[in-house]
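Understanding the architecture of this molecule
Here is how the chains run, residue by residue.
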Amino acid sequence: MIPSADLPLIVSRWFHLGAVIIAVGGTVFLRLVLHPASRRHLPEREQATLISALAARWSRVLYICIAVILLTGIINAAVMLGRHPGQPIYHSLFGIKVLLALVLFFLAIAITGRSKAFTGLRQNRARWMAVNIVLAGIIVLISNILKFLPTA
Ligand code: HEM
């Protein structure tokens, strides 16, 4: 039987994973399917118009996902850190995960936003999307390990 005290955690993990699936899945689609297809089949000007229209639309979905991931991540952390007291491996891996997640969020916001400060990053969108896909893979691996570390 699932203890009823764990229901909020189950709901929070569900939203956490749901938002991760949408954000990472969307990025993989854009980087591996849409970007190469538009480069191959559209003239440069039409491609630029399409990419900036997509970035404007996709950024709204992405920012909601980031907000949900952050909120549910904090809820998950509040519960799970309490279940791993004095366990340096859990705390270190969790710290690395949060740092990588913050880098991923920064890159995602920088390449979909309009800030002039990040024009250089936006000129290499494909590269930074690929970096974010790799980061997401590492973060999911760390999350998987965290899940299987024995609780106190
Ligand atoms: C600052 C942001 C984040 C925080 C504070 C956070 C926190 C957490 C915590 C505490 C857990 C539970 C770990 C355990 O079972 O012991 C978790 C699970 C997980 N997180 Fe995050 N997370 C964040 C961002 C992300 C990101 C960016 C991704 C993916 C790219 C991600 C993917 C996952 C996955 C796949 C799980 C496993 C969920 C499950 O099996 O139920 N998290 N997260």
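These numbers were taken from a predicted model, which means no experiment stands behind them.

Basis of the calculations
Residues numbered from 1 in each chain as written. Predicted model: local features only at pLDDT ≥ 70, side-chain atom pairs only at ≥ 80, totals over all residues. Heavy atoms only, no water. Helix = DSSP H or I, 4+ residues; strand = E, 2+ residues; numbered from the N terminus. Buried < 20%, exposed > 50% of the residue type's maximum accessible area, 1.4 Å probe, protein only. Contact = heavy atoms within 4.5 Å. Areas by Shrake-Rupley, 256 points an atom, 1.4 Å probe, with all protein chains shown as cover. Donors = N, O, S within 2.8 Å, 3.2 Å for Na, K, Ca; no water. Tetrahedral: all angles 85-135°; square planar, octahedral: opposite > 155°, others 65-115°. Near = heavy atom within 4 Å. Polar contact = N/O pair within 3.5 Å; in protein donor to acceptor, adjacent residues only side chain to side chain. Nonpolar A, V, L, I, M, F, W, Y, C, P; charged D, E, K, R; others polar. Expected span 1.5 Å × (residues − 1). Core = buried A, V, L, I, M, F, W, Y, C linked by side-chain atoms within 4.5 Å. Salt bridge = Lys/Arg side-chain N within 4 Å of Asp/Glu carboxyl O. Axes fitted to C-alpha atoms, helices over the stretch in contact; angles between N-to-C directions. Parallel < 35°, antiparallel > 145°, perpendicular 65-115°, else oblique. Left-handed = near helix turned anticlockwise from the far one by under 90°.

1. Here we look at the overall build of the protein
Within the protein, the regular secondary structure consists of five helices and zero strands. Seen along its three principal axes, the alpha-carbon backbone of the protein occupies a region of about 60 × 30 × 25 Å. Relative to its 152 residues, the protein shows a buried fraction of 34%. For the protein, the proportion of contacts with a sequence separation of at least 24, taken over those separated by at least 6, is 72%. About 9800 Å² of surface is accessible on the protein, with carbon and sulfur atoms providing 72% of the total.

2. Some remarks on the coordination of the iron atom of the ligand
With distances of 1.9 to 2.1 Å, the protein atoms coordinating the iron atom of the ligand are His 16 (NE2) and Lys 97 (NZ). Angles of 81 to 177° at the metal separate the six donor atoms of the iron atom of the ligand, which places the site in the octahedral class. Of this pair, His 16 sits in helix α1 (residues 7–41) while Lys 97 sits in helix α3 (residues 88–112), and the two are 81 residues apart along the sequence. Of the two residues, His 16 and Lys 97, both sit in the buried class.

3. Observations regarding the site of the ligand
The environment of the ligand is formed by 21 residues, the closest being Arg 13, His 16, Tyr 90, Lys 97 and Lys 147. Contact between the ligand and His 16: a nitrogen atom at 2.9 Å from a side-chain N or O atom of the residue. Here Tyr 90 contributes a side-chain N or O atom positioned 2.4 Å from an oxygen atom of the ligand. Mapped by element, the contributors of at least two residues to the shell around the ligand are α1, α2 (44–82), α3 and α5 (125–148). Among the residues making up the shell around the ligand, the classes are represented as 14 nonpolar, four polar and three charged.

4. Focus: α1
Counted at 1.5 Å a residue, the expected span for α1 with its 35 residues is 51 Å, and the 49 Å between its end C-alpha atoms agrees. Of the positions making up α1, those classed as buried are Leu 9, Ser 12, His 16, Ala 19, Ala 23, Gly 26, Thr 27, Leu 30, His 35 and Ser 38.

5. Quick notes on the nonpolar core
Ranked by size, the top nonpolar core spans 20 residues in total, and within it Leu 62, Ile 66, Leu 104, Phe 105 and Leu 121 carry the most contacts. At the level of secondary structure, the elements contributing two or more residues to this core comprise α1, α2, α3 and α5. The dominant element in this core, judged by the number of residues it contributes, is α3, at seven residues. Discounting residues that sit within four places of it in the chain, Phe 105 has contacts with Ile 66, Ile 69 and Leu 70.

6. As for the pattern of salt bridges
Scanning the entire structure with this criterion turns up one salt bridge. Between Arg 83 and Asp 6 there is a salt bridge, with its nearest N and O atoms 2.6 Å apart. In this pair, Arg 83 is assigned in the loop between α2 and α3 and Asp 6 in the segment before α1, connecting sequence segments 77 residues apart. Taking relative accessible area as the criterion, Arg 83 reaches 30% and is therefore assigned partly exposed.

7. Focus: the packing of α2 against α3
Following both chains from N to C, one finds α2 and α3 inclined at 165°, their axes separated by 10 Å at the closest point. By the criterion of interaxial angle, the relationship of α2 to α3 is roughly antiparallel. The two elements α2 and α3 meet at a crossing, and its hand is left-handed. Across the interface between the two elements, Ala 55, Trp 58, Ser 59, Leu 62, Tyr 63, Ile 66, Ile 69, Leu 70, Ala 77, Met 80 and Leu 81 from α2 touch Tyr 90, His 91, Phe 94, Phe 105, Ala 108, Ile 109 and Thr 112 from α3.

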